[in-house]
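# Report on the structure
If you want the building blocks of each chain, they are given just below.
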Amino acid sequence: MERDITLEKKIDAYIKGHLNEDEALQLWEELLEHPEYIELLNTELGLRSILYQKEEKVPEKEMKSQESLIHSLQNSWKWVGAAAAILILVFSINFFQESGTPSLQSLTVQNINLSENLISASVLRSERQPQIAPEDSLLNLGYKAAIDGNLAEATRLYEAIIARYPDKPIAVQAYLNKGIIQFNREAFEEAITSFQAVVSKAKPESFTKEKGYWFLGNTYINLNRLDAARAAILEAYKMNGIYHDTAIDLLKELDEKLGKADQKYE
Amino acid sequence: MDYSDLVTAIKTNDTKSINTLIKAIRPRLEGFLCIHMNANYNDAQDIAQDALVTIIQVIREDQLNEPKRVVEYLISICKNSYLKEQQRKQVTSVVAEPHSPKEPRQLQSMLDKEQKRLLAWCMQQLKKEFREFIQYWLDHPDSHSREVARRFDISISNTWTRKHRLIKKLNECYQKKSKL
């Protein structure tokens, strides 16, 4: 990628809100001729939004009902007062949860947030893949059905993907999504089959594999199969990804239950 | 990419080249619509597609006075189509207001929640000094690059280079992790 410092400075000014509309449109004309910078711009905006979220963020675990309630309240100015009250409540709950010794129950995922964890087709598309593929459409339809509460239809769509594209990476995503729905239905044995398919088929360093191990471990805990749970959570921990730190807490608790308290994690 | 190639391909009815060029241009227009116009991805896809159909028709009918201005024309079509669509939907009175330049916080990224989580993870993988650098840059949007250079004891030129490399590295990390 050949660098264009002038363009980089214009992008910086754009992100900082220093360009007027005409200047911004002129910048986009240049960006259309240098598409590699569109991707970098998007990455920088993503980073900024993460930082802004951190400033405003409520400590979160897998608390779907609280999150969705707060989200809907925050979207309406009329409910600002109510939202503040709920936020105080959530802060209080988290403070108290973290001030004592966490139990295995409190560390285990009880319900998987669908909107955050179900995989849909990627929004950021490469130029080599400009049109949505049929399997991506199915994945998106499944996502929509699940978010709309039509879990049976979502499962049917994920099974269709698995049947039609068994050897494609999208089948792994479908297995993961299917497993998540099964987990939330408390069909834990079925969820284990799905998550096992995820970890055996996903690429070694992939986020999907890490997620598969994490949810597989949590499913085993729900079935009180702690040895199997520890093995799966340990794999998630070893991947050194986003579940690494959370996995340490869970592993320590599992080790204590299994009489392996001398294990060290970092 | 030279957009005048698109004009040539359309005028000579070179279907293969037209398809190749359209495939390359479409995601760029979608990027413009999602990031600058704050369109959702489905709307962006539809509008970009319509804009490309329109430009092909305009070029075929020889109505484009200055072929070199294809990009400007495409952006203009996308912007106007999006605003018209918003007015038609009349979702809220706010979207019907004239489009105005956006503040940084209003600029939308095309990344969804999960993708942001991956990006946050990638950020954590950076060496401490680089993480601090990029964090400082992002946390202080009004800082002049000279101040950043002074704070990190590097030249202004190196400040821009470091920033570019870090964003590129984060983008590569995110792209790698988001793939299966």
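Before reading on, note that the structure itself is shown above.
Attention here is on the structure that accompanies the text. Everything quoted here is computed from the prediction, not taken from an experiment. (Residues numbered from 1 in each chain as written. Chains lettered and ligands numbered in written order. Predicted model: local features only at pLDDT ≥ 70, side-chain atom pairs only at ≥ 80, totals over all residues.)

When its secondary structure is counted, chain A shows 14 helices and zero strands. The helix and strand sequence of chain A, counted from the amino end, reads α-α-α-α-α-α-α-α-α-α-α-α-α-α. Looking at chain A as a whole, 32% of its 266 residues qualify as buried. Across chain A, the fraction of contacts at a sequence separation of at least 24, relative to all contacts at a separation of at least 6, is 47%. (Helix = DSSP H or I, 4+ residues; strand = E, 2+ residues; numbered from the N terminus. Buried ≥ 20, exposed ≤ 12 C-beta atoms within 10 Å, placed from the backbone. Contact = placed C-beta atoms within 7 Å.)

This part is about the overall build of chain B. If you tally the helices and strands in chain B, you get eight helices and zero strands. For chain B, the N- to C-terminal ordering of α and β elements is α-α-α-α-α-α-α-α. Expressed as a percentage of the 180 residues in chain B, the buried residues total 32%.

Before going further, it helps to spend a moment on the packing of helix H3 (residues 41-60) of chain B against helix H4 (residues 70-89) of chain B. Residues and elements named next belong to chain B. It is the contact of H3 with H4, at a shortest axis distance of 9 Å, that shows an interaxial angle of 130°. One way to sum up the angle between H3 and H4 is to call them oblique. Where H3 crosses over H4, the handedness of that crossing is right-handed. Contacts from Asp 43, Ile 47, Ala 48, Asp 50, Ala 51, Thr 54 and Ile 55 in H3 reach Val 70, Tyr 73, Leu 74, Ile 77, Cys 78, Ser 81, Tyr 82 and Glu 85 in H4. Considered class by class, the residues forming the contact of H3 with H4 number ten nonpolar, two polar and three charged. (Axes fitted to C-alpha atoms, helices over the stretch in contact; angles between N-to-C directions. Parallel < 35°, antiparallel > 145°, perpendicular 65-115°, else oblique. Left-handed = near helix turned anticlockwise from the far one by under 90°. Nonpolar A, V, L, I, M, F, W, Y, C, P; charged D, E, K, R; others polar.)

Moving on: unusual backbone geometry. Residues and elements named next belong to chain A. One non-glycine residue, Asn 224, lies in positive phi territory at about 60°. By the element assignment, Asn 224 lies in the loop between helix H12 (207-222) and helix H13 (226-238). The backbone phi angle of Asn 240 is positive, close to 55°, even though this residue is not glycine. For Asn 240, the location among the structural elements is in the loop between H13 and helix H14 (244-258). For Asn 240, a count of 13 C-beta atoms within 10 Å puts it in the partly exposed group.

We now examine the packing of helix H1 (residues 4-11) of chain B against helix H2 (residues 15-36) of chain B. Residue and element names in this part refer to chain B. Across the interface, H1 lies against H2 with an axial gap of 8 Å and an inter-helix angle of 145°. The chirality of how H1 crosses H2 is left-handed. Of H2, the residues touching H1 (which contributes Asp 5, Leu 6, Ala 9 and Ile 10) are Ser 17, Ile 18 and Leu 21. The class makeup of the residues in the contact of H1 with H2 is five nonpolar, one polar and one charged.

Residue and element names in this part refer to chain A. The end-to-end C-alpha distance of helix H8 (residues 134-147) is 20 Å, a good match for the 20 Å that 14 residues give at a rise of 1.5 Å each. Every buried residue belonging to H8 is among Leu 139, Gly 142, Tyr 143 and Ala 146, and all of these are buried. End-on view of H8: buried residues confined to an arc of 100°, all on one side of the axis. Pointing more than 90 degrees away from the buried face of H8 are the exposed residues Pro 134 and Ser 137. Those residues of H8 that are buried lie in contact with helix H7 (114-117), helix H9 (151-164) and helix H10 (169-184). (Expected span 1.5 Å × (residues − 1). Arc of directions from axis to C-beta.)

Let us now look at the environment of Leu 118 of chain A. Relative to the assigned elements, Leu 118 of chain A resides in the loop between H7 and H8. Expressed as a C-alpha distance, the spacing of Leu 118 of chain A and Ala 146 of chain A, which sit 28 residues apart in the sequence, is 8.7 Å.

Let's shift gears to the nonpolar core. Counting residues in each nonpolar core, the largest one holds 51 residues, and the members touching the most others are Leu 33, Ala 51, Leu 74 and Cys 78 of chain B. Considering each element in turn, this core owes the most residues, eight residues, to H4 of chain B. Residue contacts for Leu 74 of chain B: discarding those within four places in its chain leaves Leu 29, Ala 51 and Ile 55 of chain B. The next biggest cluster of nonpolar side chains, apart from the first, holds 45 residues, and it includes Ile 119, Leu 139, Tyr 175 and Phe 183 of chain A. (Core = buried A, V, L, I, M, F, W, Y, C linked by C-beta atoms within 7 Å.)

This paragraph deals with helix H5 (residues 113-125) of chain B. Residue and element names in this part refer to chain B. The terminal C-alpha atoms of H5 lie 19 Å apart, and with 13 residues this matches the ideal 18 Å at 1.5 Å per residue to within 8%. For H5, the set of buried residues is Gln 115, Leu 118, Leu 119, Cys 122 and Met 123. Taken down its axis, H5 places every buried residue within 145° of arc, on the same side.

Turning to the environment of Gln 175 of chain B, a few remarks are in order. All names here are of chain B. The residue Gln 175 is located in helix H8 (residues 156-178) in this model. What makes Gln 175 partly exposed here is the crowd of 16 C-beta atoms within 10 Å. Spatially, the C-alpha atom of Gln 175 lies 9.1 Å from that of Leu 119, the residues being 56 residues apart in sequence.

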